Amino acid sequence: MNKPVAENNQGESLLLAPHPQHTKKLYIESYGCAMNFSDSEIVASILAENGYNTTQILEEADLVLINTCSIRDKAEQTIRKRLEKYNAVKRTNPKMKVGVLGCMAERLKDKFLEEEKIVDLVVGPDAYKDLPNLLREVEEGRDAINVILSKDETYGDISPVRLMSNGITALVSITRGCDNMCTFCVVPFTRGRERSREPQSVLEEIQNLWEKGFKEITLLGQNVDSYLWYGGGLKKDFSNATDMQKATAIDFNQLLEMVAVGFPKMRIRFSTSNPQDMHESVLQVIAKYSNICNHIHLPVQSGSNRILKEMNRLHTREEYMKLIDNIRRILPNTAISQDLIAGFPTETEEDHQDTLSLMAYVKYNFGYMYSYSERPGTMAGRKMTDDVAEETKLRRLQEIVDLQQKHAWLRSREFIGQIVEVLIEKVSKKSTEEFSGRNSQSITVVFPRQQYKIGDFVNVEIESCTSGTLIGKAVGYSNMN
């Protein structure tokens, strides 16, 4: 599961600066994880080469694409409701074509064409380069579908457009797919096996962003810590690599260091990590370079060893706690965030209490918390009975949320009196007289605008806080400018 930084289950329509010679209009909406938002930028780039400008006005679109998430049933129901909206618009604009992209497209495949009569094409995450061909089929009056999973597609040769960008922060995908077969997760089935992107193409994309004035990038993947480049191919095939390939292979800590050294004035984040793949070498690289942010998103899912085993999580409670201890030792100022699931099949009250006690041990800065949602096709969906009552799930989830809120307050208050470095990203939602940005720990900071501008790195003295926001005053530019 990939969560971090850009997760947003509220749809976001995306806009690309118009090309004067393009005559067709694309409206694209993204749901779910950061990878979907990154993929939408790839899709827009491919279609820009085929005559499409993006628009924010649904009613004027020639092509409407919705990039979908399958991680929970609620996400899929949201997509269904959006398709109802598109259907209403299509009745007044019958020439408009509608396509479904992403994980939900991969999971349901041709069923989408049967169930949603409005849908003209269905395209999985590894088939976006085929979009021009599929659109030609649609124009000729045929439904079109391509959901074949690839063993090598990384889109490393495509320069993504930056849709609805603030011109300051950007996502840079470094891996696709996942080899961790967690029993609750659809990602291995919708995004395929894990493969890594050629490092030079990663560096070239970041160089392009730097030249355009971007100040922060997030290295993105379902599991960034298992990044491994040895000349191409799936990670699982590395054992068959040549001696030369093995000797020159680049893993995640090496890639992270290459980026930090190559772009010393670019702030660097990464997401998502899996506990069993995060090694001390990565922590040492973070400690070595000040431009790598002090935030680690470290999904745990449960604090119970029994439930972790049922989930096929490849770590124990004790191993996770040892990793936390190492992070605190090597990176004492690092924020840690979590993913947690309440009410997984067979979860008992004792298991739930184990989760609460683990939270008390870590005291996360923030997190993403959900009640269990059975996903068809997963091992849990096929082999396990969803036997925890809904009211019990919701009660346990609320207890998790309440405890996280308490810990978030505790962690936020630790910043009061400190001076933190903030990258100004936008004007505050609550006041046009204030700027908003994030510190190294990925916590939102707001402060009076003064003479500063969006894109500046400033030092902010923290004076007060809420559970999720730090409030202060700027005391000067940081040395990152």
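Right above here is the structure, for reference.
Here's what I pulled together on the structure shown here. For every chain, the first residue of its written sequence is number 1, and the numbers climb from 1 along that sequence. Where totals are concerned, whole chains, interfaces and linings use all residues; where local detail is concerned, this predicted model gives features only for residues with pLDDT of at least 70, and gives and counts side-chain atom pairs only at 80 or more. Calculated side-chain values reflect all of the structure's heavy atoms, with hydrogen atoms and water omitted.

### Remarks on the overall build of the protein chain
Keep this limit in mind: Going along the chain from the N terminus, every DSSP run of H or I of four or more residues is numbered as a helix, and every run of E of two or more is numbered as a strand. What the globule rule says is 2.2 Å times the number of residues to the power 0.38, and the radius of gyration is computed from C-alpha atoms. To sort residues, take the accessible area from a 1.4 Å probe on protein chains only and compare it with the maximum for the residue type: under 20% means buried, over 50% means exposed, and anything in between is partly exposed. Whether two residues are in contact is decided by their heavy atoms: any pair within 4.5 Å suffices. Here the accessible surface of atoms and residues is derived via Shrake-Rupley with a 1.4 Å probe, and residues count as covered only by protein chains that are part of the display. The charge count treats Lys and Arg as positive and Asp and Glu as negative. His and the chain ends do not count. To locate a charge, the coordinates of NZ of Lys, CZ of Arg, CG of Asp or CD of Glu are taken.
Helix and strand content of the protein chain: 15 helices and 22 strands. Taken over the C-alpha trace, the protein chain has a radius of gyration of 22 Å; the compact-globule value for 481 residues is 23 Å, and the two agree within 12%. Overall size of the protein chain, expressed as C-alpha extent along the three principal axes, is 65 × 55 × 55 Å. For the protein chain, buried positions account for 59% of its 481 residues. Within the protein chain, contacts between residues separated by at least 24 positions form 72% of all contacts whose residues are at least 6 apart in sequence. Split by element, the accessible area of the protein chain, about 19900 Å² in all, is 49% carbon and sulfur. Side chains of the protein chain carry 60 positive and 66 negative charges; the gap between the two charge centres is 2 Å.

### Side note on the packing of helix H12 (residues 317-330) against helix H13 (residues 349-362)
Basically, it comes down to this: Angles shown run from 0 to 180 degrees and are taken between the N-to-C directions of axes, each axis being a line fitted to C-alpha atoms and, for helices, limited to the stretch in contact. For classification, angles of less than 35 degrees are called roughly parallel, those exceeding 145 degrees roughly antiparallel, those between 65 and 115 degrees roughly perpendicular, and all remaining angles oblique. Crossing handedness is defined as follows: a turn of the near helix away from the far one that is anticlockwise and smaller than a right angle gives a left-handed crossing, while the clockwise case is right-handed.
It is the contact of H12 with H13, at a shortest axis distance of 11 Å, that shows an interaxial angle of 10 degrees. The orientation of H12 with respect to H13, classified from their angle, is roughly parallel. The hand of the H12/H13 crossing is right-handed. Within the contact between the two elements, H12 uses Arg317, Tyr320, Met321, Ile324, Asp325 and Arg328 and H13 uses Asp354, Ser357, Leu358, Tyr361 and Val362.

### Side note on the pattern of salt bridges
Side-chain pairing between opposite charges can occur once the charged atoms of the two side chains come close. Filter applied, for reference: By convention in these notes, a salt bridge is any Lys or Arg side-chain nitrogen within 4 Å of a carboxyl oxygen on Asp or Glu.
In the structure shown here, the tally under the stated rule is 36 salt bridges. For glutamate 41, the salt bridge identified is with arginine 162, shortest N-O distance 3.1 Å. With glutamate 41 in helix H1 (residues 34-48) and arginine 162 in the loop between strand E7 (144-146) and strand E8 (169-173), the pair connects residues that are 121 residues apart, well separated along the chain. The residues glutamate 41 and arginine 162 share a single accessibility class, namely buried. Where arginine 162 meets glutamate 205, a salt bridge forms, and the shortest distance between an N and an O atom there is 2.5 Å. With arginine 162 in the loop between E7 and E8 and glutamate 205 in helix H7 (residues 199-211), the pair connects residues that are 43 residues apart, well separated along the chain. Through salt bridges with shared partners, one network takes in Asp39, Asp126, Arg176, Arg191 and Arg195.

### Some thoughts on the sheet that holds strand E16 (residues 335-342)
This is how the line gets drawn: Strand pairing follows a simple DSSP-based rule, namely that at least 2 bridges must link the two strands.
Strand order in the open sheet formed by three strands is E15-E16-E17, and the pairing between neighbours is parallel. The strands lining the two open edges of the sheet, one partner per strand, are strand E15 (295-297) and strand E17 (366-371). Each adjacent strand pair in this sheet contributes to an overall mean axis angle of 10 degrees, direction not counted. Where E16 meets E17, six bridges bridge the pair, whose relative direction is parallel. The partner of serine 337 across the bridge, within E17, is phenylalanine 366.

### Looking at the packing of aromatic side chains
Operational definition: Pairing of aromatic side chains here covers Phe, Tyr and the six-membered ring of Trp, requires ring centres within 6.5 Å, and sorts the geometry by plane angle: under 30 degrees stacked, over 60 edge-to-face, intermediate tilted.
The final tally for this structure, using the stated rule, is six aromatic pairs. Centre to centre, the rings of tyrosine 128 and tyrosine 155 are 5.9 Å apart; their planes meet at 20 degrees, and the pair counts as stacked. Placement of tyrosine 128 in the loop between strand E6 (121-123) and helix H5 (131-139) and of tyrosine 155 in the loop between E7 and E8 is noted, with a sequence separation of 27 residues between them. Tyrosine 155 gets classed as buried once you look at its relative accessible area, which sits at 1%.

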